[in-house]
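# An overview of the molecular structure
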Number of protein chains: 4
Amino acid sequence: MTVRKIQKENCRGVYGEIMATAALSTSIELRERYRLVRQRSLKLCEPLTPEDMMVQSCPEASPAKWHIAHTSWFFESFLLSEFLPEYEVFDKDFPWLFNSYYQSFAEFPDKRLRASFSRPALGEILRYRRHVDDALARLLEGEVPEEALRRIELGLNHEEQHQELLLTDVKHALFTNPLQPAYLAEDAGGQVETEAGADPMRFVSYEGGLVEIGYSGEEFSFDNERPRHRVWLEPFKIASRLVTCGEFAEFIADGGYSRPEFWLSVGWTTVQEQKWEAPLYWRKVNGEWSIFTLRGAKTLAALKDTSVAHVSYFEADAYAHWAGRRLVTEAEWESVAAKLPVEGNLLESGRLGTTSSPEQVVSKDGDGYRPSQMFGDCWEWTGSAYLGYPGFQPLAGSLGEYNGKFMSGQMVLRGGSCVTPTEHVRASYRNFFSPETRWQFSGIRLASS
Amino acid sequence: MTVRKIQKENCRGVYGEIMATAALSTSIELRERYRLVRQRSLKLCEPLTPEDMMVQSCPEASPAKWHIAHTSWFFESFLLSEFLPEYEVFDKDFPWLFNSYYQSFAEFPDKRLRASFSRPALGEILRYRRHVDDALARLLEGEVPEEALRRIELGLNHEEQHQELLLTDVKHALFTNPLQPAYLAEDAGGQVETEAGADPMRFVSYEGGLVEIGYSGEEFSFDNERPRHRVWLEPFKIASRLVTCGEFAEFIADGGYSRPEFWLSVGWTTVQEQKWEAPLYWRKVNGEWSIFTLRGAKTLAALKDTSVAHVSYFEADAYAHWAGRRLVTEAEWESVAAKLPVEGNLLESGRLGTTSSPEQVVSKDGDGYRPSQMFGDCWEWTGSAYLGYPGFQPLAGSLGEYNGKFMSGQMVLRGGSCVTPTEHVRASYRNFFSPETRWQFSGIRLASS
Amino acid sequence: MTVRKIQKENCRGVYGEIMATAALSTSIELRERYRLVRQRSLKLCEPLTPEDMMVQSCPEASPAKWHIAHTSWFFESFLLSEFLPEYEVFDKDFPWLFNSYYQSFAEFPDKRLRASFSRPALGEILRYRRHVDDALARLLEGEVPEEALRRIELGLNHEEQHQELLLTDVKHALFTNPLQPAYLAEDAGGQVETEAGADPMRFVSYEGGLVEIGYSGEEFSFDNERPRHRVWLEPFKIASRLVTCGEFAEFIADGGYSRPEFWLSVGWTTVQEQKWEAPLYWRKVNGEWSIFTLRGAKTLAALKDTSVAHVSYFEADAYAHWAGRRLVTEAEWESVAAKLPVEGNLLESGRLGTTSSPEQVVSKDGDGYRPSQMFGDCWEWTGSAYLGYPGFQPLAGSLGEYNGKFMSGQMVLRGGSCVTPTEHVRASYRNFFSPETRWQFSGIRLASS
Amino acid sequence: MTVRKIQKENCRGVYGEIMATAALSTSIELRERYRLVRQRSLKLCEPLTPEDMMVQSCPEASPAKWHIAHTSWFFESFLLSEFLPEYEVFDKDFPWLFNSYYQSFAEFPDKRLRASFSRPALGEILRYRRHVDDALARLLEGEVPEEALRRIELGLNHEEQHQELLLTDVKHALFTNPLQPAYLAEDAGGQVETEAGADPMRFVSYEGGLVEIGYSGEEFSFDNERPRHRVWLEPFKIASRLVTCGEFAEFIADGGYSRPEFWLSVGWTTVQEQKWEAPLYWRKVNGEWSIFTLRGAKTLAALKDTSVAHVSYFEADAYAHWAGRRLVTEAEWESVAAKLPVEGNLLESGRLGTTSSPEQVVSKDGDGYRPSQMFGDCWEWTGSAYLGYPGFQPLAGSLGEYNGKFMSGQMVLRGGSCVTPTEHVRASYRNFFSPETRWQFSGIRLASS
């Protein structure tokens with residue numbers, strides 16, 4: 001049940017985006033943006049072999065090859081087939097084969113995992129991709145209907161979501177391999193972590209009151225970010241930075257995973273059933289914690305000042321109890337983040353992991369501090385259940401079916417992670433997962449009342 | 001997991017009450033109230049045989065005999081052993097035997113169900129009860145410390161909770177019996193359902209704005225009702241009455257249980273896994289819906305104007321989608337209910353089932369309507385997740401452990417049901433269950449924005 | 001799956017017996033035998049309260065009250081309704097209510113456990129029983145058709161099976177009760193265990209060759225004991241007695257439950273999944289093994305020379321590997337047992353537990369030894385899968401459906417136990433259970449080639 | 001549990017072979033045989049892409065790449081590392097990486113499926129294979145110890161087992177792929193099925209008596225085929241050929257999968273739980289049965305006279321009941337097969353599917369008939385449980401651990417299939433699987449008493 005739910009979440013954007021209000025770019029801008037986004041997907045696959053791109057190591061994940069095919073399928077199905085008159089589908093089976101879940105409940109039962117997709121071969125998928133790109137270039141040469149421009153914008157947002165998922169899934173796939181290979185070598189591009197000490201965690205105070213949250217601009221947004229509405233906030237404090245691996249290790253050392261008093265009831269049951277003893281990707285090797293990253297396994301000592309990632313909501317909440325704090329709510333978070341620029345350790349930084357904190361934490365903001373790492377590093381679990389905003393209306397028709405239906409049993413996460421494209425995230429963006437989910441780059445922002 | 005969670009919920013009051021702020025009654029008032037509450041527990045068992053009182057027909061339920069023992073255990077453990085110097089426990093095994101879950105995780109694994117309690121025999125349990133009552137009478141003869149008075153109040157609230165559960169559990173036990181006997185004969189006491197037609201459902205408008213919710217008085221309340229705090233509400237409308245069995249039958253007839261578009265994703269999975277086709281207690285007999293009640297099975301025709309009960313949150317939400325509405329939120333509900341008297345079809349009415357609506361629905365309120373059935377008939381599923389109020393603090397120590405820890409994966413219900421003692425419920429009272437729960441008297445209040 | 005299978009086994013005799021070849025007793029003999037067998041069922045319930053008789057503590061078991069009702073149902077359904085013209089059923093619901101599984105797959109789903117049978121009350125069941133007995137007495141006053149005499153014989157064999165099951169189930173029910181009450185006091189009737197040392201285990205040699213097994217007499221037998229047929233046996237040795245608790249404790253102390261090399265693959269998986277560390281009913285109390293019996297819990301020290309019981313086939317086989325032996329095959333067992341009188345610690349001894357061995361083990365047989373405890377004490381797991389004998393034919397019609405259909409995935413046990421009525425067992429009797437079953441009085445007879 | 005059990009079975013030969021009695025070939029013969037067997041493994045992979053060779057579509061199966069690596073691992077671990085002094089392992093991780101299950105319970109939990117092995121890449125595996133072959137060639141140039149010759153023989157038998165498994169697994173992998181590609185084109189090599197009508201099924205009579213079964217020769221055999229021993233057989237009849245797809249379709253059309261009277265109890269539960277309606281690989285397409293083969297999907301009409309394959313023991317047994325027959329026992333089968341040459345539709349025929357029957361069924365044998373298809377086409381489910389022969393002794397040490405431990409809950413199959421190398425099978429060869437297994441080429445041989 002959870003599995004299917006998560007699979008759907010991964011792709012909710014496909015449909016959600018369709019009815020989103022997207023500001024229209026001109027053809028020329030779009031053409032350039034299209035080229036850049038599409039290139040990035042392939043660039044992310046460069047370190048992978050065709051065999052790597054087959055692996056599906058957990059039900060939440062999809063193989064990289066599938067991501068590459070499915071993002072092309074989106075443009076073929078929703079753009080080219082409708083707006084390019086002479087367009088011929090690349091292969092008559094692809095329209096159903098790479099459909100994520102829309103008409104395909106019957107076609108793709110859980111047990112027929114996407115890992116079985118040895119055919120079409122990767123080469124075929126890449127030809128498919130070029131076929132789609134060529135056709136789209138032809139489309140953009142002419143007069144492009146407004147709806148088509150809007151859908152290209154959707155398709156690009158959709159592809160950005162899958163770029164994030166691709167890296168998340170590849171990390172799990174490589175971790176599952178008994179040899180635990182790295183995605184990138186330590187020094188292969190990007191800026192790697194420094195090892196300076198973390199700045200002390202401070203708590204920045206806010207007065208609350210009647211605030212507005214939800215998307216209000218003219219650009220693209222999902223329907224679940226709307227409508228913008230008022231929320232009353234009591235005064236609150238929010239941590240100046242995310243919790244680090246070193247701090248989380250203290251929780252572990254203090255018996256955090258064996259003391260029920262810190263845990264939600266269902267969380268405690270999960271700890272026992274899953275035999276959790278640390279975040280996902282942490283393993284004890286010769287008595288020391290080793291943490292698997294996209295650049296291979298590293299010691300806790302090396303990563304202690306970087307933000308802890310891959311914790312479930314249950315672990316985030318337990319940590320907060322242990323620390324005498326609580327998690328931030330989504331309205332608190334957004335009211336703070338809305339005033340900050342969208343910058344931080346996002347996909348473009350090339351780190352592919354969370355950052356050492358000192359350089360960027362707790363910047364002075366006028367005469368006060370302001371919280372750091374609000375964007376990037378880790379999606380931040382909030383203490384808010386994922387529900388519709390007041391006045392939220394599921395859209396009519398089947399395209400609107402897929403956003404509201406996940407509003408049960410999930411918690412909201414905010415802010416993007418080190419594998420989220422910068423242009424994909426914003427202050428009003430609501431991500432959501434089941435509270436036991438750990439395969440995401442999800443971390444901890446403390447708060448208090 | 002769910003089972004254990006629900007078992008704990010059933011009894012959360014034991015510990016929750018301990019730290020609640022209870023207004024202190026005088027000894028004399030308390031003595032009388034004690035007598036009445038304790039008598040009622042036994043009176044509820046009068047229609048049952050000792051064998052009936054053994055049955056535990058689902059994990060959520062406990063045998064009636066256990067409820068009778070456990071409520072005495074509360075007074076023995078938290079009152080008598082502490083405040084009555086010469087008090088001797090009735091039986092050295094009872095303190096652990098009738099402990100609900102506090103120290104007993106290891107002692108009472110899931111599989112060792114309470115249905116195995118053939119011993120101590122019911123006679124022994126009743127002797128235990130008298131032993132406790134006699135001792136409490138002795139305690140109340142002297143000078144009673146304030147803390148003891150407070151705990152008696154707690155014990156009585158605790159017992160009221162178990163009275164409701166006892167009837168809920170007995171209903172399930174009798175339904176599970178292949179002969180499906182009635183708890184009470186049709187004409188045995190109480191006022192039975194009339195069969196007049198239901199008043200049309202109207203929607204009453206409220207302006208919202210900045211309202212306060214949460215308990216603010218001097219009487220007893222649970223910690224999860226506090227602190228009182230402000231909430232901003234957008235304008236909303238609330239249904240004048242609960243959804244009836246007849247209306248729900250239209251949803252069924254319209255394919256409600258086979259059309260995924262109405263359902264939350266997890267709800268739809270549950271429908272398919274559990275093969276739900278109607279609310280709990282509805283069975284097709286010779287092509288007609290039969291509905292089991294505490295007064296035996298009745299036809300849908302006979303009950304069509306009474307409020308539908310025993311639906312899960314998933315069914316309530318799906319019905320609301322089908323009807324083009326949504327469920328009420330808990331803040332909306334409380335802001336309306338706070339202005340209404342606590343009256344309705346509660347335990348004291350003796351109906352033991354939901355009511356035909358016409359006589360009491362949509363009363364005129366000045367020049368407008370006001371919603372009816374806000375108290376009694378059915379616990380009303382709200383669209384609000386069960387989370388802590390802003391500033392909610394789990395208490396220190398193990399006594400405080402058991403309220404906050406259930407704040408994950410559950411939805412809030414409001415208003416009490418036809419088996420809730422009147423004095424037990426209030427506008428700020430928050431009940432909560434997992435969204436798939438159906439064994440409770442839970443119904444549907446529609447709303448819209 | 002296993003559960004349902006075992007439930008059926010428990011009752012397989014109902015139908016199996018019907019087509020068995022039973023020698024016909026005269027009415028007078030039958031009348032007396034009927035009286036004695038029926039009395040014994042009630043006598044076995046004397047130590048139980050009506051509440052005790054409600055308990056169903058595991059899926060393999062049925063409540064004692066159900067056994068008492070179902071055995072009367074047999075006579076009502078297969079005798080009285082057919083052969084006593086004026087017979088009126090006691091209650092129109094009982095014919096389907098107390099049917100074990102024959103027409104009732106739809107009526108009694110797994111989840112509607114027999115423990116829910118609070119009604120009909122025990123008093124009603126006892127009235128039912130007298131009603132049936134009175135009617136049967138009237139039937140026997142007249143001329144009784146041969147088929148009716150045959151079915152009475154069947155009904156009595158059926159009731160004897162349920163007497164054994166009733167005690168097996170009661171033992172589990174009382175063990176499951178947190179207070180672990182005894183069925184009988186230590187000195188209440190019967191002969192209790194002595195504590196002399198066990199005779200050393202010897203191995204008695206047999207030449208094998210072409211032997212005949214299977215039932216060949218004129219008395220009652222089940223169809224799975226037939227046809228009598230030839231089997232070639234290689235020379236073998238068989239242990240002079242069953243394995244004792246003390247010997248089994250050595251296996252435990254030697255790491256038996258944590259060393260995969262002794263176990264069948266599926267057995268080892270079961271040990272880990274079920275967390276087995278000792279036979280059923282063994283518990284570590286203050287560092288010492290305590291063993292629950294129908295006369296209450298006793299120390300291992302007190303029972304060390306009695307036969308170990310309540311082990312699964314997996315445990316029996318693992319013990320044999322550890323001891324450098326193997327289990328006996330059913331053909332070996334029967335070829336030896338056929339020459340011995342049916343005597344031993346069976347139900348009539350009143351011990352209700354396995355015996356200390358010295359007094360009766362390894363009797364001299366002419367100039368040699370002969371194995372002891374072949375009948376009684378424990379059902380002996382054999383190394384033979386439960387399959388049809390050569391030429392076995394499932395009977396035509398639904399009555400024959402229920403013997404052959406269990407011939408998959410089960411192992412044969414031989415010899416009866418301390419709760420088997422003496423007249424119920426014989427050398428050719430084949431009992432069978434899934435290899436993980438432990439709630440039966442099942443023990444270990446070693447052998448070697 | 002079943003999964004792990006089956007995984008082990010797949011590879012039982014690795015260890016079983018080690019203690020088998022193998023006649024020693026000369027170095028020269030062995031060198032040639034080694035070359036041929038090793039070549040065949042690679043030849044079987046020719047139609048596959050590296051991506052195909054990654055797929056693991058069910059827990060019973062392994063990826064083709066793994067089979068290719070693991071069979072080289074065998075020679076490296078048991079031959080080269082011990083007998084070739086200067087040998088250097090190809091990669092320090094491979095000894096544990098390609099170990100099937102021996103020391104690796106902890107290393108390869110169920111969830112870390114072999115499908116995650118994107119690395120080492122196929123190219124690396126092929127280099128590994130050449131490294132091993134080169135080293136083995138060097139070993140065979142010199143004086144080769146007898147034990148080494150014996151182990152090479154073992155290694156080749158081991159590799160033949162994996163050749164059969166490789167094709168079995170590839171069939172499942174391609175079937176699981178949504179596009180259902182063929183392994184080989186219809187006309188690519190081998191002799192394809194003809195479509196002549198099947199000869200009528202006759203029953204050939206045998207007298208039985210005291211026969212000997214088990215391996216008695218000087219060549220290689222598994223320990224579970226020994227010791228040769230006597231068995232008494234009653235007279236029996238055995239079907240002249242296997243059951244065809246057309247005949248099995250009649251069973252389906254007669255409601256075979258919805259009539260419990262034909263099924264073993266556990267079989268019936270399995271039918272319902274797994275929703276079986278036909279053999280594995282049969283699908284209804286536009287109202288007609290389509291059967292997937294290694295040469296793609298074909299209609300039932302085209303295959304109706306070929307032997308039905310991929311049925312479980314439960315289905316084979318149910319069919320036999322429906323047909324008024326029973327399955328053959330393993331002793332009956334072997335007593336007949338021992339007099340026949342090992343020839344038939346085995347791997348070398350290149351059909352890769354079962355045959356049309358007329359050309360080879362019911363050959364005249366002197367003045368009578370003799371059964372056909374005893375070798376090849378399908379492994380034949382027998383009515384015999386997989387247990388040790390009288391006097392079977394699990395060998396000392398961990399190498400002997402892996403044959404006897406599967407002797408629980410499985411049934412014996414005989415005769416090899418259309419993907420078994422001819423030199424791998426013999427009359428005494430015992431294959432075994434759990435009764436619900438269907439991914440093997442397993443079919444039905446009827447018999448009667």
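Preceding this paragraph is the structure being described.
Before going into details, it helps to say that this report is about the structure given with it. (Residues numbered from 1 in each chain as written. Chains lettered and ligands numbered in written order. Predicted model: local features only at pLDDT ≥ 70, side-chain atom pairs only at ≥ 80, totals over all residues. Heavy atoms only, no water.)

Quick look at the state of the cysteines now. Residue and element names in this part refer to chain B. Overall, the coordinates contain zero disulfides over all chains when judged by the stated rule. Just so you know, C245 is unpaired, no disulfide at all, and the nearest cysteine sulfur is the one on C378, 8.3 Å from it. Summary of cysteine pairing: C418 is not part of a disulfide, and the nearest cysteine sulfur, belonging to C378, is at 6.4 Å. In this structure C418 comes out as buried when scored by relative accessible area, which is 0%. (Disulfide = S-S within 2.5 Å. Buried < 20%, exposed > 50% of the residue type's maximum accessible area, 1.4 Å probe, protein only.)

Before going further, it helps to examine the packing of helix α8 (residues 245-253) of chain C against helix α11 (residues 313-322) of chain C. All names here are of chain C. With their axes 11 Å apart at the nearest point, α8 and α11 run at an angle of 80° to one another. Considering the angle they form, α8 stands roughly perpendicular to α11. Facing E247, F248, E250 and F251 of α8, the residues of α11 in contact are E315, A318, Y319 and W322. Here the contact of α8 with α11 is composed, by residue class, of five nonpolar, no polar and three charged. (Axes fitted to C-alpha atoms, helices over the stretch in contact; angles between N-to-C directions. Helix = DSSP H or I, 4+ residues; strand = E, 2+ residues; numbered from the N terminus. Parallel < 35°, antiparallel > 145°, perpendicular 65-115°, else oblique. Contact = heavy atoms within 4.5 Å. Nonpolar A, V, L, I, M, F, W, Y, C, P; charged D, E, K, R; others polar.)

Looking now at empty space enclosed by the protein. Residue and element names in this part refer to chain D. Empty space within the largest cavity amounts to approximately 180 Å³. It is strand β6 (residues 288-293) that contributes the most residues to the lining of the largest cavity, three residues altogether. Across the lining of the largest cavity, the residue classes break down as 13 nonpolar, six polar and two charged. (1 Å grid on protein atoms, 1.4 Å probe; cavity = no way out; pocket = protein on both sides within 12 Å on 5 of 7 lines; lining within 4 Å. Points joined across faces, edges and corners; volume = space filled by probe spheres on them.)

Here the focus is the relation of the copies chain B and chain C. Here the second copy of the chain follows from the first by a rotation about an axis and a shift along it. Of the two same-sequence chains, chain B is brought onto chain C (RMSD 0.0 Å, axial shift 0.0 Å) by a rotation of 180°. On the angle and the small slide along the axis, the relation comes out as a two-fold axis. Of the C-alpha atoms belonging to chain B, the one lying closest to the rotation axis is found on E51 of chain B, 2.9 Å away. (Least-squares fit on C-alpha atoms with pLDDT ≥ 70 in both.)

Turning to unusual backbone geometry, a few remarks are in order. Residues R226 of chain B and P227 of chain B are joined by a peptide bond in cis, for which omega reads -5°. The phi angle at K275 of chain A is positive, at roughly 55°, despite the residue not being glycine. If you trace the backbone, K275 of chain A turns up in the loop between α9 (265-274) and β5 (282-285). The exposure class of K275 of chain A is exposed, given its relative accessible area of 65%.

Counting through the fold element by element, E143 of chain C comes out in the loop between α6 (122-141) and α7 (146-176). E143 of chain C sits in the exposed class, given a relative accessible area of 78%.

This paragraph deals with helix α12 (residues 330-337) of chain D. For α12 of chain D, the buried fraction is high: eight of the eight residues fall into the buried class. When we look at burial in α12 of chain D, the residues that qualify are E330, A331, E332, W333, E334, S335, V336 and A337 of chain D.

With that settled, consider the interface of chain B and chain A. Contacts between chain B and chain A engage 32 residues on the former and 31 residues on the latter. The contact between chain B and chain A buries some 2,700 Å² in all, and 63% of this surface belongs to carbon and sulfur atoms. At the boundary of chain B with chain A, the tally comes to two salt bridges. With a shortest N-O distance of 3.7 Å, E234 of chain A and R230 of chain B are connected by a salt bridge. Linking chain B with chain A are two residue pairs in polar contact (both at pLDDT 80 or more), by the criterion used here. Mapped onto the side of chain B that touches chain A, the elements with two or more residues apiece are α1 (2-10), β3 (229-233), α9 (265-274), α11 (313-322) and β13 (379-385) of chain B. If you tally residues by element for the side of chain B that touches chain A, the top one is α9 of chain B, at five residues. A breakdown of the residues in the side of chain B that touches chain A according to their chemical character gives 15 nonpolar, eleven polar and six charged. (Buried area = accessible area lost by both parts, 1.4 Å probe. Salt bridge = Lys/Arg side-chain N within 4 Å of Asp/Glu carboxyl O. Polar contact = N/O pair within 3.5 Å; in protein donor to acceptor, adjacent residues only side chain to side chain.)

On to the pairing of strand β4 (residues 236-239) of chain C. Relative to β4 of chain C, strand β1 (residues 203-206) of chain C runs antiparallel, the two sharing four bridges. Its bridge partner lying in β4 of chain C, Y206 of chain C is registered against F236 of chain C. (Pairing = 2+ DSSP bridges.)

Attention now goes to the interface of chain B and chain C. Of the residues lining the interface, 28 residues belong to chain B; the matching set on chain C comes to 28 residues. Surface buried jointly by chain B and chain C totals about 2,500 Å² across both partners, of which 56% is contributed by carbon and sulfur atoms. Sorting the residues of chain B by area buried against chain C places E51, R119 and P178 of chain B first, and these three jointly supply 30% of that buried surface. If you look at where chain B meets chain C, you find ten residue pairs in polar contact (both at pLDDT 80 or more).

With that settled, the discussion passes to the pattern of salt bridges. Residues and elements named next belong to chain B. Per the counting criterion, the structure on display carries 132 salt bridges over all chains. A salt bridge links E32 to R35, with the nearest nitrogen and oxygen atoms 2.8 Å apart. With a gap of three residues between them, E32 and R35 both fall in helix α3 (residues 27-45), about one helical turn apart.

On their own, these measurements won't tell you what the molecule is for.
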